[in-house]
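The residues making up each chain are set out below.
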Amino acid sequence: MPRHRGTRDMIRERTVTKTGDQKDTVQSSRRIMDEKKTPFCATKKCLLIVFVGLLIAMGIVTAITLLAPAVRGRFPPDLPWWKTSVIYQVYPRSFKASNGGKVGDIKGITSKLDHFVYLNVGVVWLSPVYESPMKDFGYDISNHTDVDPLFGTVQDLEDFIRQAHAKDIKVILDFVPNHTSDRHRWFQRSIDMDPKYKDYYVWRNGSNDPPNNWVSVFGDSAWNYSKTRDQYYYHNYLSAQPDLNYRNPDVVEDMKGVLRFWLERGVDGFRMDAVSFLFETKNVSHNEQPNPNFKCPLNTSTECKKLFHYWRHNYTMNLPDNKILIDGWRAVLDEFERKDGKTRFLLAEARVTSQAVRDWWFKTGSDMTFNFELARAVYKNKHCGGTCIRDAVEKEYKDLPEGAWPNFVLNNHDIRRVTSVRDRNFVNAFNMLLLTLWGTPTTYYGEEIGMVDIAPTFAQSVDPKGLYYGEDLYLNFTRDKSRSPMQWDDSSMAGFTTGPATWLPVSDTYTDINVQKQKNSTDMTPIKVYRTLAKLRQQESFLYGKFSYAVVNNNIFSYIRKAKGFSSYLVAINFGDVSSVDDYSGEPVSSEVGTVVVNTANFKDDTYAVKKVISLKHISLKPGEGLVIKL
Ligand code: NOJ
């Protein structure tokens, strides 16, 4: 922060020297008399003073005009780093192996710190790197305060955080509070009825059957029988991921301890996993009711009833008690903020099923809740054009509660890559959208180069979610598709590892789509479009400027971004399946011309070349083409 300069003026004292010289006294009294005769402002001295005064005034006016943006820049909202930065999600298993292994590791990520700098992203979120039997690839934690040897050591993580900070990059870790691994010592002790741990998980009696009809996210009953306790435990995910019991104050305290452990090691915040499911209703005699909107992909009703989405989840999802917990975690972060004055960030991964649920999450201590509406829109409708994208965007912006901050996500490790759902040629269009909307964007690794899904064989497939459906259907559900190794270059294994094998197959697109090739190309490749947009996003108009829709139709989605006192921009993208020629000059653009600042680089000629002044009355965009235009 620049130090404030006070407004204190320095006053120079002028000393008048008295002399005893008579002559001088006479001459000076004559001068005084003469001056009395002539009005002061007709003297040369006055003219000189007026002239110098004018010069100074002009100088001040010029300086203010030139410095205006910088000066005004101090008045806009004081935005914390998580509002001004792009969040980049690293899935550690797939990012970079430093040791020739099949799986990525922390040292590998550290070796790629300059990649984040190159991209102009300011926050790196690491999916779990903690000790884990890896049944759910790290989301089944057996020790929250240790790093799995597969990924390295706590020291490696501390080194990563330190080196990231040195490059002005924040680090947020995944915090997985809903469940642990069944190999966690708490669960082992809970099974053994250790007095401290016996109620650490959600245990209930059941005669021959589970206590109720609740079904887990990965399919089948959410209750698993323990012979040792002759009881069932509840698991919202795999049976190897028992749910913690937050009605037990010791669990609450222990999980706060986990946060403190990592905050002490320098992390800047957490992405909180599966927080919609932290509490379930106490009375487990309630059965869930079927969800009338669910279209079952399976053949028989018995099979369908085993699927999570077959049911509503009124007794296990988004219960009001969640708020108290999240607020408690916020308070832990605040303890650290108070100590060093640095902002800490909490980001919720929650199931937002309606606007009311969205607004409810804004009231918790979480700063932001992932907004998957854009991704959802593209999955639901492979041809999601301008109006369809607008509807998804509007779900986030509509009636946003006072002080709430929006965000957008297109891809992550649980969903297919949108470039595969839609079309690989839309990569720049999607990145242009993500990086110019109002709100914090989250980019999933590989999105910057337009990586596409892989299609592993059943034998290569490892994700339990897909395997549940068996060989015929696994490809429709597996999350392996979007978890393939990062494509760094065109050497074998795409530069992900120097070893002979990888945990999931490398996409066969890697010789064509990779970081090195795109960086070295003289063309405006996706990675270059990405970094240009991420840099542009740092301008006031994109950071916090007003957002207003411009031309929106079946193909085109366009909008204006403008912060008071700064240039305004028109963003126009064709998300349709056919070309579209449109007139953007009317309201709210109200201008006939503008200058191209970024284009999606798939234009065949230079009609819309960067720096070119173009007419807004007639812009022709093909599917996947988009422009950012300075007005
Ligand atoms: C959400 C995570 O994103 C997903 O990968 C994981 O399987 C579940 N939560 C369970 O932790």
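That block above? That's the structure.
Report on the accompanying structure.

## With respect to the pattern of salt bridges
Part 1 of the argument: Here the structure, examined in full by the defined rule, presents 31 salt bridges.
Part 2 of the argument: When the shortest N-O distance is used, the salt bridge between Arg 265 and Glu 158 registers 3.6 Å. Here the residue Arg 265 occupies a position in the loop between α8 (249–264) and β9 (269–272), and Glu 158 occupies one in helix α6 (residues 154–166), the gap between them amounting to 107 residues.
Part 3 of the argument: Overall, the relative accessible area of 25% leaves Arg 265 in the partly exposed class.
Part 4 of the argument: The salt bridge partner of Arg 424 is Asp 512, with a shortest N-O separation of 2.4 Å. Taken as a pair, Arg 424 in the loop between α14 (418–421) and α15 (427–436) and Asp 512 in the loop between α17 (470–477) and α18 (515–520) lie far apart in primary sequence, 88 residues in all.
Part 5 of the argument: For Arg 424, a relative accessible area of 34% puts it in the partly exposed group.

## Here we look at unusual backbone geometry
Part 1 of the argument: Residue Pro 588 is bonded to the preceding Glu 587 through a cis peptide linkage, with omega at -5°.
Part 2 of the argument: Checked against the element boundaries, Pro 588 lands in the loop between β17 (580–582) and β18 (593–599).
Part 3 of the argument: Within the chain, Met 193 stands out as a residue other than glycine whose phi angle is a positive 60°.
Part 4 of the argument: By secondary structure assignment, the location of Met 193 is in the loop between α7 (185–191) and β6 (203–204).
Part 5 of the argument: You will see that Ala 601, though not glycine, has its phi angle at about 70°, which is positive.
Part 6 of the argument: Structurally, Ala 601 is set in the loop between β18 and β19 (613–615).
Part 7 of the argument: Relative accessible area serves as the criterion here: at 31%, Ala 601 is assigned to the partly exposed category.

## Let's talk about the site of the ligand
Part 1 of the argument: Taken together, Asp 136, Tyr 139, His 179, Phe 218, Tyr 237, Arg 271, Asp 273, Glu 349, His 413, Asp 414, Arg 479 and Arg 483 are the residues near the ligand.
Part 2 of the argument: Asp 414 is positioned such that a nitrogen or oxygen atom in its side chain is 2.5 Å from an oxygen atom of the ligand.
Part 3 of the argument: The separation between an oxygen atom of the ligand and a polar side-chain atom of Arg 479 is 3.0 Å.
Part 4 of the argument: Protein contacts shield 97% of the accessible area of the ligand, which totals 300 Å² for the unbound molecule.
Part 5 of the argument: Of the residues assigned to the shell around the ligand, the class counts are 3 nonpolar, 2 polar and 7 charged.

## Some details on the nonpolar core
One broad rule of soluble globular proteins: the nonpolar side chains tend to lie buried together.
Part 1 of the argument: The biggest cluster of nonpolar side chains holds 133 residues, and the ones touching the most others in it are Phe 116, Leu 157, Tyr 246, Trp 262, Phe 270, Trp 329 and Leu 437.
Part 2 of the argument: With 8 residues, α8 is the largest single contributor of residues to this core.
Part 3 of the argument: Grouped together as the second largest cluster of nonpolar side chains are 17 residues, Leu 570, Ala 572, Phe 603 and Tyr 608 included.

## Observations concerning empty space enclosed by the protein
Part 1 of the argument: Counted according to the given criterion, the structure contains 2 cavities of 30 Å³ or more.
Part 2 of the argument: In this structure, the largest cavity occupies an estimated 60 Å³ of space.
Part 3 of the argument: Leu 410, Asn 411, Arg 417, Val 418, Thr 419, Val 427, Phe 430, Asn 431, Glu 447, Gly 450 and Met 451 are the residues that line the largest cavity.
Part 4 of the argument: Every element with two or more residues in the lining of the largest cavity is listed here: α14 and α15.
Part 5 of the argument: Among the residues making up the lining of the largest cavity, the classes are represented as 5 nonpolar, 4 polar and 2 charged.

## A few points about the packing of aromatic side chains
Part 1 of the argument: On inspection of all chains with the given rule, the structure shows 48 aromatic pairs.
Part 2 of the argument: Ring centres of Trp 81 and Phe 345 lie 5.7 Å apart, and the angle between their planes is 75°; this geometry places the pair in the edge-to-face category. Highlighted residues: Trp 81 in helix α3 (residues 81–84) and Phe 345 in strand β10 (residues 345–348), separated in sequence by 264 residues.
Part 3 of the argument: Owing to a relative accessible area of 13%, Trp 81 belongs among the buried residues under this scheme.
Part 4 of the argument: What makes Phe 345 buried here is its relative accessible area of 0%.
Part 5 of the argument: With a centroid separation of 5.4 Å and 35° between ring planes, the pair formed by Trp 125 and Phe 370 is classed as tilted. You can see Trp 125 sitting in strand β2 (residues 123–126) and its partner Phe 370 sitting in the loop between β11 (368–369) and α12 (373–380), a full 245 residues away along the chain.
Part 6 of the argument: Taken together, the aromatic side chains of Tyr 397, Trp 405, Phe 408, Trp 438, Phe 547, Tyr 549, Phe 557 and Tyr 559 make up a single cluster linked through ring pairs.

## Description of the pairing of strand β8 (residues 231–234)
Part 1 of the argument: Burial along β8 is two-sided: the residues Gln 231 and Tyr 233 and Tyr 232 and Tyr 234 are all buried.
Part 2 of the argument: One ladder, built from 2 bridges, connects β6 with β8; its direction is antiparallel. For Trp 203, the partnering residue across the bridge sits in β8 and is Tyr 233.
Part 3 of the argument: Hairpin geometry of strand β7 (residues 223–226) and β8 is characterised by an intervening segment of 4 residues between the two adjacent antiparallel strands and by a positive phi of about 50° at Asp 230.

## Examining the packing of α8 against helix α10 (residues 322–340)
Part 1 of the argument: Between α8 and α10, the shortest axis-to-axis distance is 10 Å and the interhelical angle comes to 35°. For the element pair α8 and α10, the recorded crossing hand is right-handed. Counted together, Val 252, Met 255, Lys 256, Leu 259, Arg 260, Leu 263 and Glu 264 of α8 and Leu 325, Gly 328, Trp 329, Val 332, Leu 333, Glu 335 and Phe 336 of α10 form the full contact between these two elements.
Part 2 of the argument: Grouping the constituent residues of the contact of α8 with α10 by class yields 9 nonpolar, 1 polar and 4 charged.

## Digging into the packing of α12 against helix α13 (residues 386–397)
Part 1 of the argument: Where α12 meets α13, the closest approach of the two axes is 8 Å, and the angle between their N-to-C directions is 150°. Judged by the inter-axis angle, α12 sits roughly antiparallel to α13. For the element pair α12 and α13, the recorded crossing hand is right-handed. From α12, Glu 373, Leu 374 and Ala 377 reach across to α13, where they touch Cys 388, Ile 389, Ala 392, Val 393 and Lys 395.
Part 2 of the argument: Per-class residue counts for the contact of α12 with α13 are 6 nonpolar, no polar and 2 charged.

## Some points on helix α19 (residues 526–536)
Part 1 of the argument: Burial within α19 is extensive, with 8 of its 11 residues counted as buried.
Part 2 of the argument: Taken as a whole, α19 has its buried residues at Pro 526, Ile 527, Lys 528, Val 529, Tyr 530, Leu 533, Ala 534 and Leu 536.

## Thoughts on the state of the cysteines
Part 1 of the argument: According to the stated counting rule, one finds 2 disulfides in the structure shown.
Part 2 of the argument: Each sulfur of the disulfide joining Cys 384 and Cys 388 lies 1.9 Å from the other. What sets the handedness of the Cys 384 and Cys 388 disulfide is the S-S torsion sign, and at about -100° it is left-handed. For the pair formed by Cys 384 and Cys 388, the shared burial category is buried.

Procedures and definitions
- Residues numbered from 1 in each chain as written.
- Predicted model: local features only at pLDDT ≥ 70, side-chain atom pairs only at ≥ 80, totals over all residues.
- Heavy atoms only, no water.
- Salt bridge = Lys/Arg side-chain N within 4 Å of Asp/Glu carboxyl O.
- Helix = DSSP H or I, 4+ residues; strand = E, 2+ residues; numbered from the N terminus.
- Buried < 20%, exposed > 50% of the residue type's maximum accessible area, 1.4 Å probe, protein only.
- Near = heavy atom within 4 Å.
- Polar contact = N/O pair within 3.5 Å; in protein donor to acceptor, adjacent residues only side chain to side chain.
- Areas by Shrake-Rupley, 256 points an atom, 1.4 Å probe, with all protein chains shown as cover.
- Nonpolar A, V, L, I, M, F, W, Y, C, P; charged D, E, K, R; others polar.
- Core = buried A, V, L, I, M, F, W, Y, C linked by side-chain atoms within 4.5 Å.
- 1 Å grid on protein atoms, 1.4 Å probe; cavity = no way out; pocket = protein on both sides within 12 Å on 5 of 7 lines; lining within 4 Å.
- Points joined across faces, edges and corners; volume = space filled by probe spheres on them.
- Phe/Tyr/Trp six-rings, centres within 6.5 Å; stacked < 30°, edge-to-face > 60°.
- Pairing = 2+ DSSP bridges.
- Axes fitted to C-alpha atoms, helices over the stretch in contact; angles between N-to-C directions.
- Left-handed = near helix turned anticlockwise from the far one by under 90°.
- Contact = heavy atoms within 4.5 Å.
- Parallel < 35°, antiparallel > 145°, perpendicular 65-115°, else oblique.
- Disulfide = S-S within 2.5 Å.

Distances and angles like these do not, on their own, reveal function.
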